[in-house]
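Listed here are the chains, written in short residue letters.
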Amino acid sequence: MVTVDSPSQQKKSSRSRQILKYSLEITFMVAILAGLLYYIGTTVPSTLTKYNNVPTILKGVEYIYDTILTVKIEYLLLAFLMYFGINILFAVRLRRVLSKNGVKTSFGKTLLAQYAGMLTSDVTPGRSGYILTPVYLRDQDVPTSKSLSSVLGIQTFEFLIKVAGGIGAVILLVTTVPAKTWSIIFPTQILGVNIGLIIAVLGISLMMVGAVILAAFTWSKRAISLFDRIANSRFLKKFTGGIMGKLEEYKESSGSTSKAIPEILGLTASCWVLKGFEWWFLGYALGISQLSWSWWLAFFLIHPLVTALAFIPITPAGIGVQEFGIVGILGLLGVAAPIAGVFALMARGLLIFEDLAGVPQIVKSTSLIFSRKKPEVTPVGTPPLTPL
């Protein structure tokens, strides 16, 4: 005899799986960050005698703290300003794409929705939380089908540009960094290939796969129809019924989104330029780089390569994984591991700190969702009302 779980049991089981999943992700994150701090502690120069009698992990923590105290504030503020400019352009980009779909939005509210989407992505595996941006646009009565197609269309080109940047970064590193340095920073090889190159290619491949999937889902009617058939299968229908109800609207919206491709490319490229300046100023604030165009070009190219690691979904937003990648790549450029580690952590902290501007929008959107009244149910046997 086959036993069928009740809805409450299924809900409880699903909740338990989610709790286990989140617990594992947080555990991995803590373990990787602890490993990063330990690594920083082991690479602190022995000439800095004040750290000699401190446990290794605490040595890393103390070194980071002491280094932050030496930061050039004026250049740190310039880095913040560059990230603010990026979010301004993100909001403009989203508004322009939505306008192609016939939707008018407020710049201020769209900027807050952008920050909310970024903050959500800062704490979700694979930065997948950005897909909730349509939820944060609901207070402007933006149809979900149009906001979703806009967000996915934008992310397609975001990924493609990062793939181009990642390839450029690999070319830069391979042609300028001596082979001996690669062997020192990444001593392990697999089938004769340096593991650093393997990690770089893996990151680029992840971005390329993501771009292809998003492009297919956004603009290929065949891909959308295939997804429709899969999602409406007997097994998955109960989980996707709400989404499939708007699939036809999504098809129409994705066609309008394609009209904004030139603007998406232009604004996305501009954001990439500002990101190069953001890391350039942050590097100078820490004494890593000089204010020379060669260093700007290096940060301009390596940023998309290392941020690809944030899409590895084993920790929230790749926390820890991305930081190790930054330490490794900056090490190839001659930056000492302790300073590179501080740079990596500050680059992450800068984003999260500024993205906190999205908290009010998240709270507002959440309250709107939970405050919606449930439709009234007419008791059985009650005759329908008829107009007088």
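Model, not experiment: these values are computed from the prediction.

As a further point, take the overall build of the protein. Each helix and strand in the protein was counted, giving 16 helices and two strands. The buried share of the protein, taken over its 388 residues, is 46%. Look at the contacts in the protein between residues 6 or more apart in sequence, and 71% of them connect residues 24 or more apart. If you sum the accessible surface of the protein, you get close to 20,700 Å²; carbon and sulfur atoms cover 69% of it.

Let's shift gears to a nonpolar patch on the surface. A surface patch of nonpolar side chains, amounting to about 370 Å² of accessible area, comprises Leu20, Leu24, Phe28 and Ile314. In this fold, phenylalanine 28 is placed in helix 1 (residues 7-43).

Among the secondary structure elements, threonine 110 is positioned in helix 4 (residues 107-122). Apart from residues lying up to four places away in sequence, threonine 110 is in contact with Ala91, Leu94, Arg95, Thr105, Leu137 and Gln140.

Moving on, we get to the nonpolar core. The tendency in soluble globular proteins is for nonpolar side chains to be buried side by side. Residues Trp279, Ile288, Phe299, Leu305, Leu330 and Phe343 are the most contacted members of the largest nonpolar core, which totals 86 residues. If we ignore the near neighbours within four places in the chain, the residues touching leucine 305 are Gly166, Ala169, Val170, Leu173, Ala200, Ile204 and Ile329.

In this section: the packing of helix 14 (residues 321-332) against helix 15 (residues 337-355). Packed helices, taken two at a time, are described by their axes: the angle between them and the distance between them. Interaxial distance between helix 14 and helix 15 falls to 8 Å at its minimum, and their mutual angle equals 140°. Classified by the interaxial angle, the pair formed by helix 14 and helix 15 is oblique. The chirality of how helix 14 crosses helix 15 is right-handed. Together, Gln322, Glu323, Ile326, Val327 and Leu330 of helix 14 and Ala337, Ala340, Gly341, Phe343, Ala344, Leu345 and Arg348 of helix 15 make up the contact between the two elements. Per-class residue counts for the contact of helix 14 with helix 15 are eight nonpolar, two polar and two charged.

The topology assignment puts threonine 67 in helix 2 (residues 56-68). We classify threonine 67 as buried; its relative accessible area is 8%.

Looking now at helix 13 (residues 293-307). In this model, helix 13 (15 residues) spans 21 Å end to end at C-alpha, consistent with the 21 Å of a helix rising 1.5 Å per residue. Among the 15 residues of helix 13, 12 are classified as buried, and the element is accordingly described as predominantly covered. Buried residues of helix 13: Trp295, Trp296, Ala298, Phe299, Phe300, Leu301, Ile302, His303, Pro304, Leu305, Val306 and Thr307, and no others.

Here helix 3 (residues 73-100) contains 28 residues, and its C-alpha end-to-end distance of 41 Å stays within 8% of the 40 Å for a straight helix at 1.5 Å per residue. Downstream of helix 3 by one or two residues, glycine 102 has phi in the positive range, about 80°.

With that settled, the discussion passes to the environment of serine 183. Note on placement: serine 183 falls in helix 7 (residues 179-185). Here serine 183 falls in the partly exposed class, since its relative accessible area comes to 39%. Distance from serine 183 to asparagine 194, taken between C-alpha atoms, is 7.4 Å for residues 11 residues apart in sequence.

A few words now on the pattern of salt bridges. All told, the structure shown has eight salt bridges when counted by the stated rule. In this structure, the salt-bridge partner of arginine 127 is aspartate 122, at a minimum N-O distance of 2.7 Å. Taking the relative accessible area as the measure of exposure, arginine 127 reaches 15% and is therefore buried. Here aspartate 122 falls in the buried class, since its relative accessible area comes to 3%. Taken together, the shared-partner salt bridges in this structure form one network comprising Arg96, Lys100 and Glu263.

What follows is about the packing of aromatic side chains. Counted under the stated rule, the structure contains 18 aromatic pairs. Between tryptophan 296 and phenylalanine 300, the aromatic rings sit 4.8 Å apart at their centres with planes inclined by 20°, giving stacked as the arrangement. One end of the pair is tryptophan 296 and the other is phenylalanine 300, both in helix 13 and four residues apart, which spans about a single turn. The class for phenylalanine 300 is buried, based on a relative accessible area of 13%. Among the aromatic residues, those joined into a ring-pair cluster are Tyr75, Trp272, Phe277, Trp280, Phe281, Tyr284, Trp293, Trp296 and Phe300.

Below, the discussion takes up unusual backbone geometry. For aspartate 141, which is not a glycine, the phi torsion comes out positive at approximately 60°. Assignment of secondary structure puts aspartate 141 in the loop between helix 5 (133-136) and helix 6 (144-176). For aspartate 141, a relative accessible area of 68% gives the class exposed. Within the chain, alanine 317 stands out as a residue other than glycine whose phi angle is a positive 55°. Along the chain, the position of alanine 317 falls in the loop between helix 13 and helix 14. The buried category is assigned to alanine 317, whose relative accessible area is 0%.

For the rest of this paragraph, the subject is the environment of isoleucine 184. With respect to the helices and strands, isoleucine 184 occurs in helix 7. Under the relative-accessibility criterion, isoleucine 184 is labelled exposed at 59%. C-alpha of isoleucine 184 to C-alpha of glycine 331: the two residues are 147 residues apart in sequence and 9.3 Å apart in space.

What counts and how
Residues numbered from 1 in each chain as written. Predicted model: local features only at pLDDT ≥ 70, side-chain atom pairs only at ≥ 80, totals over all residues. Heavy atoms only, no water. Helix = DSSP H or I, 4+ residues; strand = E, 2+ residues; numbered from the N terminus. Buried < 20%, exposed > 50% of the residue type's maximum accessible area, 1.4 Å probe, protein only. Contact = heavy atoms within 4.5 Å. Areas by Shrake-Rupley, 256 points an atom, 1.4 Å probe, with all protein chains shown as cover. Patch = residues over 30% accessible without salt bridge, like charges linked within 9 Å, V, L, I, M, F, W, Y side chains within 5 Å. Salt bridge = Lys/Arg side-chain N within 4 Å of Asp/Glu carboxyl O. Core = buried A, V, L, I, M, F, W, Y, C linked by side-chain atoms within 4.5 Å. Axes fitted to C-alpha atoms, helices over the stretch in contact; angles between N-to-C directions. Parallel < 35°, antiparallel > 145°, perpendicular 65-115°, else oblique. Left-handed = near helix turned anticlockwise from the far one by under 90°. Nonpolar A, V, L, I, M, F, W, Y, C, P; charged D, E, K, R; others polar. Expected span 1.5 Å × (residues − 1). Phe/Tyr/Trp six-rings, centres within 6.5 Å; stacked < 30°, edge-to-face > 60°.

Take it as geometry only, folks, not as evidence of what the structure does.
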